[in-house]
Each structure stands twice: as C-alpha cells, then as structure tokens.
Amino acid sequence: MMGSDPQLTIGAVVPKTGRLARLGDPMSFVLDTVAPQLPPVRAGGRRHGVRVAIRDSRSQPSGARQAVRELVEDERADIVITMAGTRVLPAVTETCESLRVPCVSTTFPWQAYVHARGAEAFRWTYHFAWGLDDIAAVFAEIWERLGGTQTVGCLWNDDLQGDMSRRHFAPEAARRGHTLVDPGGYEEPAADLRDHLDHFRRFEADIVTSAATAADLALYHRQATRAGQRPRLITCSRWLTYPHAGIAADLAEARVATLVYWTPHHPHRSSLDDTTAADLAAAYEQATGRPWLQPLGLAHALVEVAHHALAGADDPADPGAVAEAVARTRLATVAGVLDWTNGPTPNFALLPLVGGQWLPTRHGHELAVVTNTAAPDVPITADVSPMPR
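Quantities reported herein were computed from a predicted structural model and do not represent experimental measurements.

Chemist: Teacher, can you tell me more about the side chain of Thr-276 here?
Modeler: Positionally, Thr-276 belongs in the loop between β11 (257-260) and α9 (277-288). A polar side-chain atom of Thr-276 sits 2.9 Å from the main-chain amide nitrogen of Asp-279. Not counting the four nearest positions on each side in its chain, Thr-276 is found in contact with His-268, Arg-269 and Val-334.

See below:
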C-alpha cells in the first residue's frame, strides 16, 4: 500500500513573502498542483513515495538559510530546489553546500552565480540558466534589427548586476561591433539618473540597455522623457523579464525589449506527465486569474529535475548518490532540454535565450518574441518595434 511506502522529500525554498513574493507565485502554483501527483520512484526493489516540503525564504538571505536548515533538519529533505534573488539564491545554495544536501536552482546567469558563491567548484549544488554573454547576444541582435551596429548607453548599477554586466555582457556586445557608453554605476534604488542622461546625450547613445529594477528603469524613462531624450529602444534584463507587478505606468509606452527563456509557445513537454508549455500557462491563468509568467516553466522544470534525480540515483536516500544523479542528468523538460553533462562549466546546464519585447495590446501588454536565433523552434510573433517618438 502507498501508505507503507518509505518517503522521499523534495524541499523547496520559495519567496512566499517579501519583495520577491510575486516571483514565488509560479513556483507555489507548480508545487501545489504537481506535488500531489508526483509518481513514486523505485530503488533497491522498493517503491518510495515522493512528497514536497516548502519553506518561505521571506525574500531575505537570513530567511533562506533558515528555510534550508528547517528543510534538512525537520523535513529530512533529500534534495532542495529554489529560484531567484541576487542575494537570496546564493544563501540557499551555500547553505545546501555546507549541510551536504543536493540542490538545484535557476533564474540567475551562471557567471553571476559563480561570482556570488566565491568558489570555483561545488560538490552539492547544481544550476540551470543562461549566461550574461547569452543576454548580450540576444540584445545585440535586437539592436541590429533597427539597422547595423549601434551606440548603446549602459544603465547599470554599482552592485553585482552592474559588475557582472561589465565583465561578461560588455565584451560580447563589443565583439559584435556595438559601442557601449557606460557612465558608471548608480546606487540602487536610484534617486536621480540625470547624470546618466547627460552622458548618453554627449555620446549620442539613442539605445539604452540595463539590468535595472522596474522602479529604477521607470525613473530613467520619466527623466529622459522630461529632458526630451527618449531612446529609440530600451533593452532590460532582470525584473522586466516578467511583469512581477505589472508594467509600470511610466514604462507603458516604452516597449521595453528583454530576454525570453520560456513562453507558452515553447515546444516542450513535462517529463512527468507530458504537460505542454501551453497547457501549463493556461492552467496557471485559469487558477490565478493572472497572466502567465516566464518563471513558471523553470519552476516546473525544477520539480522535474529533482524527481528525475531521485528516480535515477543508485540510492535515493543517499545524498551523494542523488547529487551524482543530477550531475549526469540530461532531461527534456517543459522548459527545454537540461544537460548537466555538457554545460559551460561543471554543475551547470544552459537554457537558450530568445529576444522579446513588451508590446501594447487592447488588454494591456503582451510579451512578443522578436528574435529566435538560439532557439529557432520558438516562433517569432512580432517585429522589433522602436519607441514611438
């Protein structure tokens, strides 16, 4: 009987409260809907039931560390999954490393992940996402759709996002022939970006790229509009990849372009139950009454990978065996094929990026796919559209 089966536990660290809570919504939805249906795994002639235990990171590093400890010590988690947060995600992975529990994470460029961890090799922690050079390649292609090489103003902060962009985004953009104008970092949250505006004007940068929060990008756009310096195009990663709080009113007409890692149009299916990307997005919208979010597909893939590792481990109750199972994983998920045997560096699997743009519709804004070189099986749904003058 199922009730007598030994239990394996997937521990999930989710930002259910705090500033990242909206990003936690898709992960909470996936856990609520998928967890009760997770099939048992067989090992050593025995069937093991699989359950999910959840702890709230409270969108803080301290909360994340506490969440991991509770999952490991109280819930006996066999593997931990998590996503997002420049400081929160490293807190989860570092704690998993110290407690010697396997962990799979996502939604963080791999170079920034390595830098934030301050280590070159990891024994227990695995990650899937993309690189900052991949973001640069996508953004450069979007700029080129406006005609040739461009002079681009860089709106980057003075913290991890800006530092990593200068190290890994800028060289790729320059390699493609674009001229980057970087006035230096600003302290986040920004209070005044007029010095950046003046710098962009002096160097005739009429495209702006950024990794800003929605609030800081809205401040830039508002000040640029007042100064009569509306750029032809804004490209922004990070918070603008999903409408975590809706598109800010100040950005409503800006037609911000961004990176795209998952949409309902991606031609992928779940390894657990054959759910398509379109099915998953529709179920989320029906259950929540809100538009689909890009992290939805990645949250589902986290569960798929965790379950696959438990099923593929020589002994799913042995943390080392589970970690080794992740390391040899190549799995087709609802987010795409994740391959830890062929990543850019050990413990990493890459996801391809395409280019997107927030375009106005009768019902608000929609994220259209505007370039697809790295993933040609994802359909283009619109042309790149410069900001109206």
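Chemist: Just to check I follow, could you spell out the pairing of strand β9 (residues 207-210) for this structure?
Modeler: In summary, the side chains of a regular strand alternate between the two faces of the sheet. Neither face of β9 is open: one carries Ile-207 and Thr-209, the other Val-208 and Ser-210, and all of them are buried. When strand β7 (residues 151-155) meets β9, the two strands line up parallel, connected through 4 bridges. Bridging from a neighbouring strand, Val-152 pairs with Ile-207 of β9. As paired elements, β9 and strand β10 (residues 233-236) share 4 bridges and run parallel to each other. Across the sheet, Val-208 pairs through a bridge with Ile-234, a residue of β10. After leaving β9, the chain enters helix α8 (residues 214-226) and then returns to the sheet as β10, a path that is right-handed.

Chemist: Where do I start with helix α3 (residues 88-99) in this structure?
Modeler: The periodicity of an α-helix, 3.6 residues per turn, causes residues three or four positions apart to be oriented the same way. Relative to the 16 Å expected for 12 residues at 1.5 Å per residue, α3 spans 17 Å between its end C-alpha atoms, a close match to the ideal helical length. Here α3 lies mainly inside the structure; 9 of its 12 residues are buried. Within α3, burial applies to Val-88, Leu-89, Pro-90, Ala-91, Val-92, Thr-93, Thr-95, Cys-96 and Glu-97. Where the residues of α3 are buried, they touch β1 (7-14), α2 (61-73), β4 (79-83), β5 (103-106), α4 (110-117) and β6 (125-129).

Chemist: So what exactly am I meant to see when it comes to the nonpolar core here?
Modeler: Burial of nonpolar side chains together is a common tendency in soluble globular proteins. Counting 95 residues, the largest nonpolar core has Ile-81, Phe-128 and Trp-262 as its most contacted members. Of the residues forming this core, the biggest block, 10 residues, is contributed by helix α10 (residues 295-312). Look past the residues within four positions of Trp-262 in its chain and what remains in contact with it is Ala-277, Leu-280, Ala-281, Trp-292, Leu-293, Gln-294, Leu-296, Gly-297, Leu-298, Val-334 and Ala-335. Judged by nonpolar contacts, the second largest core, of 21 residues, contains Leu-155, Ala-212, Ala-218 and Leu-219.

Chemist: Is there a simple way to explain the sheet that holds β5 in this structure?
Modeler: Two modes of strand pairing occur in sheets, parallel and antiparallel, and in both the strands are linked by backbone hydrogen bonds. Across the sheet, which stays open at both edges, the 7 strands sit in the order β2-β3-β1-β4-β5-β6-β14 with mixed pairing between neighbours. The open sheet is flanked by β2 (41-43) and β14 (348-350), the only strands paired with a single partner. Across the sheet, the mean angle separating the axes of adjacent strands is 25° when strand polarity is ignored. Running over the sheet, helix α11 (residues 319-327) touches β4, β5 and β6 and is turned about 25° from β6.

Basis of the calculations
Within any chain, residue numbers begin from 1 and follow the written order of that chain's sequence. With the structure being a predicted model, the display of local features is reserved for residues of pLDDT at least 70 and the display and counting of side-chain atom pairs for 80 or more, all residues being used for whole-chain, interface and lining totals. Only hydrogens and water are removed before side-chain values are computed, so all heavy atoms of the structure are retained for them. Numbered from the N terminus, helices here are DSSP runs of H or I no shorter than four residues, and strands are runs of E no shorter than two. Within 3.5 Å is the distance limit for a polar contact, defined as a pair of N or O atoms, with the added protein rule that one can donate a hydrogen and the other accept it, and that residues adjacent in sequence qualify only through two side-chain atoms. The contact criterion used throughout is that any non-hydrogen atoms of two residues lie within 4.5 Å. Only protein chains enter the accessibility calculation, which uses a 1.4 Å probe; a residue is then buried when its area is under 20% of its type maximum, exposed when over 50%, and partly exposed in between. Criterion used throughout: strands pair if DSSP finds at least two bridges between them. When the strands point away from the viewer, a crossover counts as right-handed if the route from the first strand across the helix to the second turns clockwise. An expected span of 1.5 Å times one less than the residue number is assigned to each helix. Note on terminology: a nonpolar core comprises buried Ala, Val, Leu, Ile, Met, Phe, Trp, Tyr and Cys residues joined through side-chain atoms within 4.5 Å. Whenever a helix is involved, its axis is fitted only over the stretch in contact; in every case the axis is a line through C-alpha atoms, and angles between N-to-C directions fall within 0 to 180 degrees.

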